[in-house]
There are 4 protein chains.
Amino acid sequence: MNVVSFRPTAEDLAYTFGGRPAVARIAPGTVLELFTEDCFGGRVRGPEDLPSKVCEFPFLNPVTGPFHVEGAEPGDTLALHFVSIEPARDWAVSTTFPHFGALTGTHTTAMLQPPLDEVVWMYDVDVEKRTVRYQARNSDFSVEMPLDPMHGTVGVAPAASEARMTITPDAHGGNMDTPELRAGVTVYLGVNVEGALFSIGDGHCRQGHGEVCGTAVEAAMNTVVAVELVKGVGTPWPRLEDDDHLMSTGSARPLEDAYRISQHDLVTWSAALTGLDELDAYQLVSQGGEAPVGNVCDTNYTMVAKLPKAYLGRPEVYESAHARLRALGAEYLSSR
Amino acid sequence: MNVVSFRPTAEDLAYTFGGRPAVARIAPGTVLELFTEDCFGGRVRGPEDLPSKVCEFPFLNPVTGPFHVEGAEPGDTLALHFVSIEPARDWAVSTTFPHFGALTGTHTTAMLQPPLDEVVWMYDVDVEKRTVRYQARNSDFSVEMPLDPMHGTVGVAPAASEARMTITPDAHGGNMDTPELRAGVTVYLGVNVEGALFSIGDGHCRQGHGEVCGTAVEAAMNTVVAVELVKGVGTPWPRLEDDDHLMSTGSARPLEDAYRISQHDLVTWSAALTGLDELDAYQLVSQGGEAPVGNVCDTNYTMVAKLPKAYLGRPEVYESAHARLRALGAEYLSSR
Amino acid sequence: MNVVSFRPTAEDLAYTFGGRPAVARIAPGTVLELFTEDCFGGRVRGPEDLPSKVCEFPFLNPVTGPFHVEGAEPGDTLALHFVSIEPARDWAVSTTFPHFGALTGTHTTAMLQPPLDEVVWMYDVDVEKRTVRYQARNSDFSVEMPLDPMHGTVGVAPAASEARMTITPDAHGGNMDTPELRAGVTVYLGVNVEGALFSIGDGHCRQGHGEVCGTAVEAAMNTVVAVELVKGVGTPWPRLEDDDHLMSTGSARPLEDAYRISQHDLVTWSAALTGLDELDAYQLVSQGGEAPVGNVCDTNYTMVAKLPKAYLGRPEVYESAHARLRALGAEYLSSR
Amino acid sequence: MNVVSFRPTAEDLAYTFGGRPAVARIAPGTVLELFTEDCFGGRVRGPEDLPSKVCEFPFLNPVTGPFHVEGAEPGDTLALHFVSIEPARDWAVSTTFPHFGALTGTHTTAMLQPPLDEVVWMYDVDVEKRTVRYQARNSDFSVEMPLDPMHGTVGVAPAASEARMTITPDAHGGNMDTPELRAGVTVYLGVNVEGALFSIGDGHCRQGHGEVCGTAVEAAMNTVVAVELVKGVGTPWPRLEDDDHLMSTGSARPLEDAYRISQHDLVTWSAALTGLDELDAYQLVSQGGEAPVGNVCDTNYTMVAKLPKAYLGRPEVYESAHARLRALGAEYLSSR
C-alpha cells in the first residue's frame, strides 16, 4: 500500500483553489494522511479571540494542498474516499462573525442594520464518547451532541484558469459545507487542469443543516483519504457516494438554483445509469429523493440531492471506484 | 370521546383558505374522521387523463373543510394531531404538469422554452406491505418504495381578510408539502379569525424532498385528526411537534427566505422555551438543527427547521397539547 | 360626458382586492373623480406619529373602491386611463417602518438584528412649482425634487376566489409601486370576476426606483380616471401604455422572476402585435427594451418592461383604447 | 499629453481578471487608445457562425489588458474616464446561446427543457447616422435604433488572489453590462493588487436593460480611456460618475441582492459626502434615486444605483478626478 503523509507548515496553507503550485505529487491508488487546520487557522482558542481580531482577510479557511495527481487530465474524474476524519484536538470552536450567516445582513444581502455581536463558543470534544459539548455563553445551559466529523471544504483547481477563495463552493467543489461529506464517503470531482490539484480543509466535529450562524463546530482534523482516478469520465458537479446512496451537489444563489442543479444532475445521472428516459427519472427522483441542505451562509449556497442506490437497482458507477477505495481504506485501517 | 365524521360532497370541496363558510362546527377535544380527495379531485385515473385536460383551473388541490372550532379567536393556537393517515384507494398517481415543477420554467420563472411533456404515472398502493410501486412509462423499470403517508395541505383562514388558493403555503399553513406532516405529528397553527376555519387535503402516499416534479404520489386519504385549542397563545408560522422533535416552518421565495423564516422561528422559540439568549439559541440550532426541505415547486417554497427536544432539555410546549392529543389518538385507535 | 365623483368615508376604505362588495357601479366610458387616502390612512401627520403607533395592521394602504364596471366579465380587459393625479394636501410624508424596506431584515428575509429606527420625514408639497421639499431629520440639509405624482396601487379582484391585501402586487395588479403609473398612462388589467371590481390608492408625490426604504413621498390624491372595457381580450399581467411606449409588468420574488415575467410578456406581446416570431421579438426587446424597477420592498417585487412603440411600427393595441381614453380625458380637462 | 496606443494580438487577449501578467505599464495621467475585440472574439460574422460552433469555452469575452498602473497599491482607487467608444467595424452581431439568457434555463437555473434555438442576428452599424439596424431573421421586419456605445466589461484584478472569468461581474468590476458605462463616464475601481491590472472589453453598440437574451449588439471598439489614480482612497464596489450623477454598482444573485449592494453603497457614500446620517441619506436616495438595470443574464446580475449630484449639493468626489479627466479627454479629442 502506498501511504503518503502530509502535514502543512503555516506557509503551505492555501486560501484558494487554483492559482497555486502543488505541495506534493501523488499517484492514483495512494492513501494520503493529512492534517488540516480549522477554518480560523487555529487562532481562535478562547472567548476573547474574536475572529475579526485574530484573523486577517483573506487568510481564512486554509486548506491542505493542492496535491498533483499523476496522470490526471481535464475530462477525467478524481475519486477521493474519506477513510477517516478524526479531531486533532480535544476542543473545537464556533463563532458568529460580523455580516456572515443566514440570519444577518451580509456584504451581498446588504442591510443598514448594525451587525450581530461577535461571540465565541468553545466546545469540548470527547473522541472516546463520540460527543461534543455545547455550553451557552450567557447561562449555565449545556448539552452533549453526537460527534459526526466531516470536511466542509474539498475541491480541485477550477476550470477556465480561475482561482477561487476557499470559502466559495462551485462546480469545482470548495466550501460545500455538507454534513454528508463524512468518513465512508467517496467524492467525485471533475478534473479541470493537469494533475487535478485537489485540497481539503475546514473540518467540522458536527454541523447543523445550513450552517445557519455561519460556522460549525470547527476543528483541526487528522484525515485519511484514498485517491483514485477515473480516466475519460467527466463529472459536471461534485458527486458523493456512500454504501447505499448516490448524491449530486449544486452550489449557487438563490438557494433554489442550488437545489435545481443538484436535482437536475441526479435526474440525468440516474437516467444515464439505468436507461430510464429523463422524465421517468425525474418522476423517480421526485418520489424517492432526499435533499440534504449543505450551507445557506457561504458565497454560494449548497444543496445535495440524494437517492438510495436500491431505487436504481444498484447500478455500477464510476467503474466501482467506491467499492475499491472502501476496500483500500479498510486495508489501511486494519494495518494500523 | 367526541368523534365526528365528515365526508365532503363535490360541492363541499374548498379551493381556498378563507372566504368560505364552515362546513361544520366542532368542539375542542373532538376526534375528526375525514375523507380527503387527491389534488386532482380524483379525476386523473389513468395515463390518458392528462391533468390539463381533465382538471379545470382553479379547481385544483381541493381541501376538506373549513371546520369552525368553537371558542377559537385570533391570538389562540389551534393544535391538530394527526392520529392516522391512510390511503383510501389501492392506487395513487403522479404527473408532470405544464409550467409547474422545479426543473421547468413556470408562470413566474417565465421562460420561452416550450413546456415539458405532460405525463401520468400510476402507482399501486399496498397498505398491507406498506409500499407503493413506481413503474416507468417508457421502459419495464419498476421499483417499490415505502408507503409514508402525509398531508401536503393543512391550514386555517388567513389574517387580514385574505383568501388564498389552496396551492399556496404561507403563514396560515396551506400547501406546505412537507413529508414531516405524517401520522403522530401535531401541527400548531395561529388562529386569525373566529372559529379558526381549518381545512386539510392533498394526501401523499410518499413524497421526495422538494416535490421536484411538482406532484407527489397523490392519493385520497382517510384521515383522523384530534383537535385542541391553546387559548391566548399565538403562533407566527406553522409549527410541528412529534415525540422527539420541535419544528418550525417557513414558506416564501426565494428558498433561502423560507429557510430564514423557519430557522429564525426555531431560534427564537428555542430561546423562549429555555431562557437562552438569542445568540446562544442561534448557536445551538446551528449545530444541532436539521432543515428538511418541504416544497420547491409551489407558489411559495417551504422549509422546515427541526431540533431534537433533547437538546433543549425536553421543555413543555403549548401546555403539553401534543402529549394529550397523542393519548386521545391512542384511545381512539384502541377503541376501533 | 358621464362623470362620476366618489369620495370614500372611513368605512368605505378597502384593505383587500377581492372579498368585498362594490362601493359603486359605473358604465364603461365613465370619467371617475376620486379621492384616495395616503398609505397611512392620513394618520401620520408629524414626526411623532410613528406608523407602528398610529396605524394598526392590517389597516394599511387603504384603497378607494372597488368599483363594479357594468358588463365586465372574466376574459375581458379593463382599461384605466389616468387623466390627472394631484396631491390633495400641501404636505406629504415618508417613514421607515420596522422590518420593512430593502436594506433591512423583514418578516420573510428574517434576521436576528434589531430593526432600524422608525423615523418620519415630512415633505412640503408645492403644486404650483411642481416640487416637493426633502428636509433631513438630523441636520439642516434640505433639497427640492420634482413633483411627479403616481399611484402605487391599482388593481382588480384576483382570480380563483382569492382576496389579497392591498400591499401585495401580483397578476391582478395591486401594490406595484411603479413611477410609470402617472397621469397620461393607460393601465390594462385582466378581468377575473364579474364587474372587474377595481380599486385605486397609495398616491406618491414622487418615488425613487425600488422604493428602497419601503415608502415613497406618500400623499392623499385627487385623481381622475377614464374607464373603458375591451371585451373578449385577456391580459395575463398588468400592462401600461403611454403615448410612446408599451409596458408589461411582473410581480414576484426573487426580483429576477419579476424581471422575467415582465420581459416574457413584452416579448410575446410584441410578437403577437407584429407577427415577429418569438426569438425575433426576444432579440428586438433585448436591444431596445428598458426595465424600470417598480418596488423592491413589498411582499412581491415589481419590474416593468418597456419598449418604444416606434420599434414595433406603432401597432394598434387594445383596439386603440389609449387614444380614445386620452381624448376623453382631454375633453374632461378642457371642460373644467 | 502622454498618449499610449495598444492593439492586442490574438495571444494578448485575456479571459480572466487576475492570474495574468500585464501587457503594458502606464503612468497615471496617461490617455490610452485601445482596440477591443467583440465578445465572440470576432468569430461570429454571419448567420451560419453559431457561437457554440465557432467559439470554444472558456475563450469567450476577451478583454484588452491587463494594464499595470504605476504606483497603484491595494487601498487606492483607479479612475478610468471613457473619452470615446467607437465601433471598429460597420457591423455588429447578437445571438442566442444555448442555456444562456434570462428567459431560458441555464447551467445554474437548471431545467430539463431543451435549449432555445441558437440564432445569429447581424446588425448594420452607421456611425454617421449614429444608428444600428435590427433585421428580423424570420420576416422582413426591420427597424433602426440609436447607436449608444458602451463597454460591458471593465475591471481590475480581484482581491484575495482570485482570478475570475471575464464573464463574471463582482466587486472587482468585470462583466457588469450596464449601458451607463458609455463615453463621458468615469469608473472608479478599488485597487486590490500592485499595479491594479485593469482590462477592458465587450463593446456594445447598444444594449437593452438586463441584456435579456444574453448578448447585446456586440462589436469591436476603438476606445480611448484617460487614467488616474486616487491614492489612499478605497472603493468597495465599482462606482460611476458622469457630469450630473453619482452611481454605485452591485453584482450578485438573486437580483435583489445586486439592488441591495448598489443602493447600500449609494446611501452610505451619500452620507459620507454630505454629512447626512445614514437614515437621512436612506430617505433621500429612496425618493431621488434611480436604479438602472445592468445585466440579468450573467453569472452574477448587476444593478446600478444612480443619484443626481444636485440632490447632494454637488459635493466633491474622489478629489475631483472626473472633472480633471474630462478636461484631459477634451484636450485629447481637440488635438486629433
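Let me sum up the structure you'll find in this document. Predicted model only: the values in this text are computed from it and were never measured. (Residues numbered from 1 in each chain as written. Chains lettered and ligands numbered in written order. Predicted model: local features only at pLDDT ≥ 70, side-chain atom pairs only at ≥ 80, totals over all residues. Heavy atoms only, no water.)

**Section: the pattern of salt bridges**
Taken as a whole and judged by the stated rule, the model has 88 salt bridges over all chains. Between B:Arg89 and B:Glu37 there is a salt bridge; the shortest N-O distance is 2.6 Å. Note that B:Arg89 is positioned in the loop between β6 (77-87) and β7 (91-95) and B:Glu37 in the loop between β4 (31-36) and α1 (51-54), a separation of 52 residues in sequence. For B:Glu37, a relative accessible area of 11% corresponds to the buried category. When salt bridges with common partners are traced through the structure, they connect A:Glu162, A:Arg164, A:Asp170, D:Glu162, D:Arg164 and D:Asp170 into a single cluster. (Salt bridge = Lys/Arg side-chain N within 4 Å of Asp/Glu carboxyl O. Helix = DSSP H or I, 4+ residues; strand = E, 2+ residues; numbered from the N terminus. Buried < 20%, exposed > 50% of the residue type's maximum accessible area, 1.4 Å probe, protein only.)

**Observations regarding the relation of the copies chain B and chain A**
One copy of the chain maps onto the other through a rotation about an axis followed by a shift along the same axis. Of the transformation placing chain B onto chain A, the axial shift is 0.0 Å and the rotation is 180 degrees, giving an RMSD of 0.0 Å. Given the turn and translation reported, the copies of this chain are related as if by a two-fold rotation axis. Within chain B, B:Leu255 has its C-alpha nearest the rotation axis, a separation of 2.7 Å. A share of 100% of interface residues in chain B that are also interface residues in chain A marks the association as one of identical surfaces. (Least-squares fit on C-alpha atoms with pLDDT ≥ 70 in both. Contact = heavy atoms within 4.5 Å.)

**Side note on the interface of chain B and chain A**
Residue-level contacts link 64 residues of chain B with 64 residues of chain A. Both sides together, the interface formed by chain B and chain A hides about 5,000 Å², and carbon and sulfur atoms give 61% of it. In this structure, the connection of chain B to chain A is made through zero salt bridges. Linking chain B to chain A there are 42 residue pairs in polar contact (both at pLDDT 80 or more). Secondary-structure elements contributing two or more residues to the side of chain B that touches chain A are β7, β8 (120-126), β10 (142-146), α2 (255-274), α3 (278-288) and β20 (301-308) of chain B. In terms of residue count, the dominant contributor to the side of chain B that touches chain A is α3(B) (10 residues). Within the side of chain B that touches chain A, the residues separate by chemical class into 34 nonpolar, 20 polar and 10 charged. (Buried area = accessible area lost by both parts, 1.4 Å probe. Polar contact = N/O pair within 3.5 Å; in protein donor to acceptor, adjacent residues only side chain to side chain. Nonpolar A, V, L, I, M, F, W, Y, C, P; charged D, E, K, R; others polar.)

**Quick notes on the pairing of strand β15 (residues 186-190) of chain A**
With five of five residues buried, β15(A) lies mostly within the body of the structure. Residues A:Thr186, A:Tyr188 and A:Gly190 of β15(A) are buried on one face, and the alternating residues A:Val187 and A:Leu189, pointing to the opposite face, are buried as well.

**Looking at the sheet that holds β15(A)**
Residues and elements named next belong to chain A. Reading across the sheet, the eight strands line up as β1-β4-β17-β6-β15-β18-β19-β20 and stay open at both edges, with mixed pairing between neighbours. Of all strands in the sheet, those with a lone pairing partner are β1 (3-6) and β20 (301-308), marking the two edges. For this sheet, the mean angle separating the axes of adjacent strands, direction not counted, is 25 degrees. Pairing analysis gives eight bridges linking strand β19 (residues 245-252) to β20, with the strands arranged antiparallel. By the bridge assignment for β20, Leu 246 is matched with Leu 307. Docked against the sheet, helix α2 (residues 255-274) engages β18 (239-241), β19 and β20, running at close to 145 degrees with respect to β19. (Pairing = 2+ DSSP bridges. Axes fitted to C-alpha atoms, helices over the stretch in contact; angles between N-to-C directions.)

**As for helix α3 (residues 278-288) of chain C**
The buried fraction of α3(C) amounts to 10 of the 11 residues, a majority that puts the element mostly inside the structure. The inward-facing, buried residues of α3(C) contact α2 (255-274) and β20 (301-308) of chain C together with β7 (91-95), β8 (120-126), β9 (131-135) and β10 (142-146) of chain D. Regarding α3(C), its N-cap is C:Asp277, as a side-chain oxygen of that residue lies 3.2 Å from the backbone nitrogen of C:Leu279 further along.

**Remarks on the packing of aromatic side chains**
As enumerated under the stated definition, the model contains 28 aromatic pairs over all chains in all. Consider the rings of C:Tyr123 and C:Tyr134, whose centres lie 6.3 Å apart with planes at 55 degrees: the pair is tilted. With a gap of 11 residues between them, C:Tyr123 in strand β8 (residues 120-126) and C:Tyr134 in strand β9 (residues 131-135) connect regions that are remote in the sequence. Residue classification places C:Tyr134 among the buried residues on the basis of a relative accessible area of 0%. Ring geometry for D:Phe67 and D:Phe198: centres 5.3 Å apart, planes at 35 degrees, overall tilted. Here the residue D:Phe67 occupies a position in strand β5 (residues 63-69), and D:Phe198 occupies one in strand β16 (residues 196-204), the gap between them amounting to 131 residues. A relative accessible area of 0% means that D:Phe198 is categorised as buried. What links up through ring pairs into an aromatic cluster is the set A:Phe6, A:Phe67 and A:Phe198. Taking the ring centre of C:Phe35 as reference, the NZ or CZ of C:Arg7 above it sits at 4.0 Å. (Phe/Tyr/Trp six-rings, centres within 6.5 Å; stacked < 30°, edge-to-face > 60°. Lys NZ or Arg CZ within 6 Å of the ring centre and 35° of its normal.)

**Here we look at the relation of the copies chain B and chain C**
Superposing chain B onto chain C takes a rotation of 180 degrees plus a shift of 0.0 Å along the axis, which leaves an RMSD of 0.0 Å. Looking at the interface residues of chain B, 100% of them are also at the interface in chain C, so both copies use one shared face.

**Considering the interface of chain B and chain C**
Taken together, the 26 residues of chain B in the interface contact 26 residues of chain C. Of the roughly 2,300 Å² buried where chain B meets chain C, counting both sides, 64% is carbon and sulfur surface. The interface formed by chain B and chain C contains four salt bridges. Salt-bridge contacts for C:Glu162 lead to B:Arg164; the nearest nitrogen and oxygen are separated by 3.8 Å. Inspection of the chain B/chain C interface yields seven residue pairs in polar contact (both at pLDDT 80 or more). Secondary structure elements with two or more residues in the side of chain B that touches chain C: β12 (164-165), α2 and α3 of chain B. At six residues, the largest contribution of residues to the side of chain B that touches chain C is made by α2(B). The residue inventory of the side of chain B that touches chain C, partitioned by class, reads 13 nonpolar, seven polar and six charged.

**Structural notes on the packing of α2(A) against helix α3 (residues 278-288) of chain A**
All names here are of chain A. Remark: α2 packs on α3, axes separated minimally by 8 Å, with the N-to-C direction vectors making an angle of 120 degrees. The orientation of α2 with respect to α3, classified from their angle, is oblique. In terms of crossing hand, the pair formed by α2 and α3 is right-handed. Only Glu 278, Ala 281, Tyr 282 and Val 285 of α3 make contact with α2, whose side of the interface consists of Gln 263, Leu 266, Val 267, Thr 268, Ser 270 and Ala 271. Taken together, the residues that form the contact of α2 with α3 break down as six nonpolar, three polar and one charged. (Parallel < 35°, antiparallel > 145°, perpendicular 65-115°, else oblique. Left-handed = near helix turned anticlockwise from the far one by under 90°.)

**Quick look at the packing of α2(A) against α2(B)**
At their nearest, the axes of α2(A) and α2(B) sit 6 Å apart, and the two run at 115 degrees to each other. Taken as axis vectors, α2(A) and α2(B) run roughly perpendicular relative to one another. Across the interface between the two elements, A:Leu255, A:Glu256 and A:Tyr259 from α2(A) touch B:Leu255, B:Glu256 and B:Tyr259 from α2(B). When grouped by side-chain class, the residues that make up the contact of α2(A) with α2(B) number four nonpolar, no polar and two charged.

**A look at the sheet that holds β9(C)**
Pairing is antiparallel across the open sheet formed by four strands, whose spatial order is β7-β8-β9-β10 (chain C). Two strands close off the open sheet at either side, each with one partner strand: β7 (91-95) and β10 (142-146) of chain C. In this sheet, neighbouring strand axes are inclined to one another by 30 degrees on average, regardless of whether the strands run parallel or antiparallel. With five bridges joining them, β9(C) and β10(C) adopt antiparallel strand pairing. Counted as the bridge partner of C:Val132 is C:Met145 from β10(C). Sitting on the sheet, helix α3 (residues 278-288) of chain D touches β7, β8, β9 and β10 of chain C, and the angle it makes with β8(C) is about 40 degrees.

**A short note on the environment of A:Glu316**
Residues and elements named next belong to chain A. The residue Glu 316 is located in the loop between β20 and α4 (321-335) in this model. Taking the relative accessible area as the measure of exposure, Glu 316 reaches 56% and is therefore exposed. Put simply, Glu 316 and Gly 101 are 215 residues apart on the chain and 39 Å apart in space, counted from C-alpha to C-alpha. A polar contact is formed between the side chain of Glu 316 and the side chain of Ser 320, at a distance of 3.1 Å.

**Some details on the side chain of A:Glu33**
Residue and element names in this part refer to chain A. Looking at the secondary structure, you find Glu 33 in strand β4 (residues 31-36). Residue Glu 33 is classed as buried on the basis of its relative accessible area, which comes to 18%. At 2.4 Å, the side chain of Glu 33 and the side chain of Tyr 332 are in polar contact. Within the local environment of Glu 33, its side chain forms a polar contact with the side chain of Arg 336, the two groups lying 3.1 Å apart. Those residues in contact with Glu 33 that lie beyond four places of it in its chain are Val 3, Val 4, Ser 5, Phe 6, Thr 223, Val 224, Tyr 332 and Arg 336.

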